[in-house]
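Listed here are the chains, written in short residue letters.
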Amino acid sequence: MNYTLKLLLLFLIVLSGCQTKEPVKKEWAIALHGGAGNMDKSQFSEEDIRLYEAGLQQALDLGKNALKDGKAAVDVVELVVQNLEDNPLFNAGKGSVFTNDGRNELDAAIMDGRNLNAGAVAGVGDIKNPVSAARLVMEKSPHVLLIGKGASVYALQNNIEMVDSSYFYTEKRWQTLQRALQNAGKNGTVGCVALDSEGNLAAATSTGGMNNKRYGRVGDVPIIGAGTYANNNTCAVSATGHGEFFIRYTVAHDISALIEYKGYTIAEAATAVVNGKLSNEAGNGGVIGVNKYGNVTLAMNSTGMFRAWADANGDEGVAIFKE
Ligand code: ASP
């Protein structure tokens, strides 16, 4: 082989080594979910589908516009999750499911990928937007997770909007409990992940929990690393599904770890966890994720997940059922 040919070969080898699997960074990206579960299209009327899609689109537009305006990822995920909490269609905030003994006990978390700051509340029944109480815990307290009465008192002292517990009563969820007292329940939750134009990642998740859960039960949502995680070096993840399994498999952090230690793409990491580990168990559900390049993943092992996504390159969509 002559010298020039050798040089060319060397150049090509070096070049291929330099190519990462995800080379182009998008200016911003966002994904959100409104819960996953085994749902069949036939269970929904056309009007139901239209309402869910409109709710997802509204939350997506809110997040997209905020990112385009240069808002920080942590502000965007809070804003979007607040909007989904206020929408009674989704199992978080207004619209939360009931515990076995007829209460509403809400969980929420938020995490800032810049500095691994995180905050969460669990088992609260009088805070209008639990995600904002989670942010308060993250920013104003030296703690990560506050529960029940202590979380409510802290929120009240810091001017977070409080409501009477009857605010969370919706007829639809009450009837779901009545049905579930005979059968098993289904999943719900809301969440958002975002990459902002400064390259920062954030995640937030909020839920009424599992329908018919035991009073006092806490799910994966407020457990950092289980249902919620964000790290600028890897990705931001928000999960939805059967929380006990998401806690045992530390799902959100596991996805981040596969990226950090094994160099997986976000899609490979999410699939390995959601369609591998989790689906081998009864861990029904899904995740949304975005990595530091702005690549979004929407992975599920159930037949549906209310979801929406967008990025600065114009990829955008809203979907409910598994394609
Ligand atoms: N993961 C939530 C929980 O276990 C419920 C859900 O996402 O449907 O509390």
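In this text, all values refer to a predicted model and were calculated from it rather than measured experimentally.

Participant: Would you mind going over the sheet that holds strand S11 (residues 304-311) with me for this structure?
Facilitator: The strands that make up a sheet pair up through hydrogen bonds in the backbone, lying either parallel or antiparallel. With respect to topology, eight strands assemble into an open sheet ordered S4-S3-S2-S6-S5-S1-S11-S12, the strand pairing being mixed. Strand pairing shows two members of the sheet lacking a second neighbour, strand S4 (145-147) and strand S12 (316-321), which therefore form its edges. Across the sheet, the mean angle separating the axes of adjacent strands is 5° when strand polarity is ignored. Where strand S5 (residues 190-195) and strand S6 (residues 201-207) come together, six bridges link them in antiparallel fashion. Looking across to S6, one finds that Gly-191 is bridged to Thr-205. Against the sheet, helix H3 (residues 73-86) engages strand S1 (29-37), strand S2 (106-112), S5 and S6, with an angle of about 155° to S5. Across the sheet, helix H5 (residues 148-157) touches strand S3 (117-124) and S4, and the angle it forms with S4 is around 105°.

Participant: Explanation requested: the pairing of S2 in the structure shown.
Facilitator: The side chains of a regular strand alternate, residue by residue, between the two faces of the sheet. Among the seven residues that make up S2, seven are buried, leaving the element largely enclosed by the rest of the structure. Burial of S2 is two-sided: the residues Leu-106, Ala-108, Ile-110 and Asp-112 facing one way and the residues Asp-107, Ala-109 and Met-111 facing the other way are all buried. Of the strand pairs in this sheet, S2 and S3 are connected by six bridges, and their pairing is antiparallel. Bridge pairing links Ala-109 to Ala-120 in S3. Turn length for the S2-S3 hairpin, with the two strands adjacent in sequence and antiparallel, is four residues, and the turn residue Leu-116 shows positive phi of about 60°.

What counts and how
- Residues numbered from 1 in each chain as written.
- Predicted model: local features only at pLDDT ≥ 70, side-chain atom pairs only at ≥ 80, totals over all residues.
- Heavy atoms only, no water.
- Pairing = 2+ DSSP bridges.
- Helix = DSSP H or I, 4+ residues; strand = E, 2+ residues; numbered from the N terminus.
- Axes fitted to C-alpha atoms, helices over the stretch in contact; angles between N-to-C directions.
- Contact = heavy atoms within 4.5 Å.
- Buried < 20%, exposed > 50% of the residue type's maximum accessible area, 1.4 Å probe, protein only.

The quantities given are spatial measurements derived from coordinates; they are silent on function.
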